[in-house]
Amino acid sequence: MNSMRLSKYYMPTLKEDPTDADIASHKLMLRAGMIRALSSGVYSYLPLGYRIIRKVENIVREEMDKSGALEILMPAMQTAEIWQESGRWEDFGPLMIKFEDRKKRQYCLGPTHEEVVADMIRDEIRSYKDLPYNLYQIQTKVRDEIRPRFGLLRAREFIMKDAYTLDTDYEGLDEQYQVMYDTYSSIFERCGLETRVVRADSGAMGGSSSHEFMVLADTGEDELAFCSSCDYAANVERAEAFIELDESGEKVKSDLKEIHTPGAKTIEDLVDMLELPDTKMVKSMAYIADGEPVVALIRGDDQLNEVKLKNYLGAVELRPAHPEEFEEIFGSIAGFIGPVNLSDDVKVIADRKIKELNGVVTGANKKDYHYINVDIERDMNEIEDYLPLRKVIAGDKCPECHGGLEIKSGIEVGHIFKLGTKYSESMNATYLDDNGREQPIVMGSYGIGITRTVAAAIEQNHDEKGIVWPVPIAPYKVIILPLGNSDDVDEAAENLYTELNEAGIETILDDRDERAGVKFNDAELIGIPLRITIGSRSLKDDKFELQIRRTGEESMLDKENAIDQIEELLSKIT
RNA sequence: CGGGCUGUGGCGCAGUUUGGUAGCGCACCUGUUUUGGGAACAGGGGGUCCUGAGUUCAAAUCUCAGCAGCCCGACCA
């Protein structure tokens, strides 16, 4: 039965905010009795929470099925061998929870399933006639996140829908990719969420093209660049601004000069000390990329986009150098590193904008000294390449229409990738084409964070009183609050409850022996779209009181045709 | 992994400075009265004070080590 009595439901609500939580969705899910933590980033889903998760799952399932995808369920426990085969046992390394069985064979808990899919199909798919396919599952994923946080927004264990397309060629992949793009749009729209699609970096998944589906919210961990004039939209990790370079630059006439800059370790310090603008300074950022030292140069007023640096280097791991490494590896010192007379072992890469600069300030690679009048060609170490390495900021020009870019934050709820043949080649998942030649299967992979979507929905739909569920994913559509202690009220509530159930409207009956205030507050906290209050006050006129959670709008319902009125309202509100 | 904060009944906290054997609010149990926005009164149950070692006649409190949680930075649905 799609309904319930609160007196028998397990919904431990909290009056006060838990101290561990500090964003809306985390606090409210704990307070509404939806989730409880077992460990950092590991949660139990209580009846109310799980019901909402299932609402989202079902929408996802329906739309995936409609798209022609086939639901499967793969092992959560995966062997080390398939990961070694694809080469990701090291790449994904620390992100995986690894363990061994009694025979000392190594396993991990699946953080994703490209390897398993490839393994599963490679012995079965032999011919181009067997393709294409789209296989998906809804399953718990485990990732040993560096820093789990924000409740279900970044958990170590979470529910994900992941799909994998298999095609003979890139045209097929493009087609299935587009189908998934459209399917994802419908899914989030059906969930009642406002999402934006952005171009994305494909990160550890590899592959060529990818898009992310983002719920716009201030608490989002991703920064997104949107053009205000055209439809350009990209994750800042991947966004690139249009830059007009002025390369006419004259040579620097003055000699390179070392100056004393005691304690000036940051660009800000230098601006104050030298009274020069930060645009005349070059920031040198020291990194270790898979063990190799790299220095990235960007203009003093810019921020480095580490993802771009990492991608250019093709590095698996990129991290800032530790202070002691500055001396040992770079032949420099933290806070005063610069591309002049730097150790030749260090690779130097610069942002495009560096090219047009001259007569700049850089670190002198010794404590409390900088160089001024630095000429890029004359004085600096060899620069391996000039690339767009700077982070895009609000006000930059759109790369497509040169309009203005704005930056917003968002929560990534879906991500689609064109993987290509990365996994099929490494794992030997091939088919025979119509010439009898062996070809790698062309793959795509498509994820939706189910539990994250639930959290994102709350981030987007709450007020000071609690959650405001969009109707399609609301755990129940109506909550009935009988107030006072009269048999008439109880009977009317019971009758309405039965009628609503018969009409197929998911309804909660708050039959707890609680005071009015408790019932009102819990109803608001758990965010049920329609609240029907039954009390002797209005019942004597054969009326029920109705309130819409989202707007707070109140009205009276006639006892006689209450069901019709409720059905009509539910079809209208969001 | 680096930096910061915090661990005291289920939840939120005080007590730690100055060591003396644990307290408040909520929740919970019993009873009475209440009953339209988180009731009142009376009685009651529940705590390895994160763990371990140390100092001391005596440790929630002091020392050391460890663990866990949260927040700020690199990963991702």
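Just so we're clear, the structure is a prediction, and the values are computed from it rather than from any experiment.

*Asks:* Would you mind showing me how to read the protein's contact with RNA strand B here?
*Replies:* Looking at RNA strand B, there are 51 residues lining it, with Thr19, Arg143, Ile146, Glu524 and Glu545 nearest. Note that a phosphate oxygen of RNA strand B is positioned 2.8 Å from one of the side-chain N or O atoms of serine 40. A distance of 2.4 Å separates a base nitrogen of RNA strand B from a polar side-chain atom of glutamate 524. Sorting the residues of the surface near RNA strand B by element identifies β9 (157-167), α8 (306-313), β22 (405-420), α14 (516-526), β30 (530-534) and α15 (536-539) as the ones contributing at least two each. Ranked by residues supplied to the surface near RNA strand B, first place goes to α14 with seven residues. The residue makeup of the surface near RNA strand B, split by class, is 15 nonpolar, 13 polar and 23 charged.

*Asks:* Looking at this model, I keep getting lost on the domain arrangement of chain A. Mind explaining?
*Replies:* The figure often quoted for interface size is the accessible area lost as the parts come together. Taken domain by domain, chain A holds domain 1 (18-239 + 407-459), domain 2 (257-387) and domain 3 (476-572). Here the C-alpha centroids of domain 1 and domain 3 sit 39 Å apart. Between domain 1 and domain 3, the contact holds six residues from the first and five residues from the second. For the pair domain 1 and domain 3, the summed buried surface comes to about 550 Å²; carbon and sulfur atoms form 60% of the total. Counting the surface domain 1 buries against domain 3, the share from its top three residues, Leu48, Arg51 and Lys55, is 66%. The tally of links from domain 1 across to domain 3 stands at two salt bridges. Glutamate 506 serves as the salt-bridge partner of arginine 51, at 2.9 Å between the closest nitrogen and oxygen. Between domain 1 and domain 3 we count three residue pairs in polar contact (both at pLDDT 80 or more) in total.

*Asks:* How should the sheet that holds strand β17 (residues 318-320) be read in this particular structure?
*Replies:* Remark on secondary structure: sheet strands pair via backbone hydrogen bonds, oriented parallel or antiparallel. Taken in spatial order, the five strands make up an open sheet running β17-β15-β16-β18-β21, and their pairing is mixed. Only two strands of the sheet have a single neighbouring strand rather than two, namely β17 and β21 (385-387). With strand direction ignored, the average angle separating the axes of adjacent strands in the sheet is 35°.

*Asks:* Explain the nonpolar core to me, please; I cannot follow it from the model alone.
*Replies:* Soluble, globular proteins show a tendency: their nonpolar side chains are buried together. Formed by 63 residues in total, the largest nonpolar core has its most connected members in Met34, Tyr184 and Trp469. Counting contributing residues, this core receives three or more from each of domain 1 (18-239 + 407-459) and domain 3 (476-572). Setting aside anything within four residues of it in sequence, one finds tryptophan 469 in contact with Met34, Ile52, Val454, Ala457, Ile458, Ala474, Pro475, Ile526, Gly527, Pro529, Arg550 and Thr574.

*Asks:* Just to check I follow, could you spell out the sheet that holds strand β20 (residues 369-374) for this structure?
*Replies:* Strand order across the open sheet formed by three strands is β14-β20-β19, with antiparallel pairing between neighbours. Looking at the sheet topology across the chains shown, the edges are occupied by β14 (257-260) and β19 (360-366). Here the average twist between neighbouring strands, direction ignored, is 35°. Judged from the four bridges that link them, β14 and β20 form a sheet pairing that is antiparallel. Across the sheet, isoleucine 259 pairs through a bridge with histidine 370, a residue of β20.

About the cut-offs
- Residues numbered from 1 in each chain as written.
- Chains lettered and ligands numbered in written order.
- Predicted model: local features only at pLDDT ≥ 70, side-chain atom pairs only at ≥ 80, totals over all residues.
- Heavy atoms only, no water.
- Near = heavy atom within 4 Å.
- Polar contact = N/O pair within 3.5 Å; in protein donor to acceptor, adjacent residues only side chain to side chain.
- Helix = DSSP H or I, 4+ residues; strand = E, 2+ residues; numbered from the N terminus.
- Nonpolar A, V, L, I, M, F, W, Y, C, P; charged D, E, K, R; others polar.
- Domains from an automatic or database assignment.
- Contact = heavy atoms within 4.5 Å.
- Buried area = accessible area lost by both parts, 1.4 Å probe.
- Salt bridge = Lys/Arg side-chain N within 4 Å of Asp/Glu carboxyl O.
- Pairing = 2+ DSSP bridges.
- Axes fitted to C-alpha atoms, helices over the stretch in contact; angles between N-to-C directions.
- Core = buried A, V, L, I, M, F, W, Y, C linked by side-chain atoms within 4.5 Å.
- Buried < 20%, exposed > 50% of the residue type's maximum accessible area, 1.4 Å probe, protein only.

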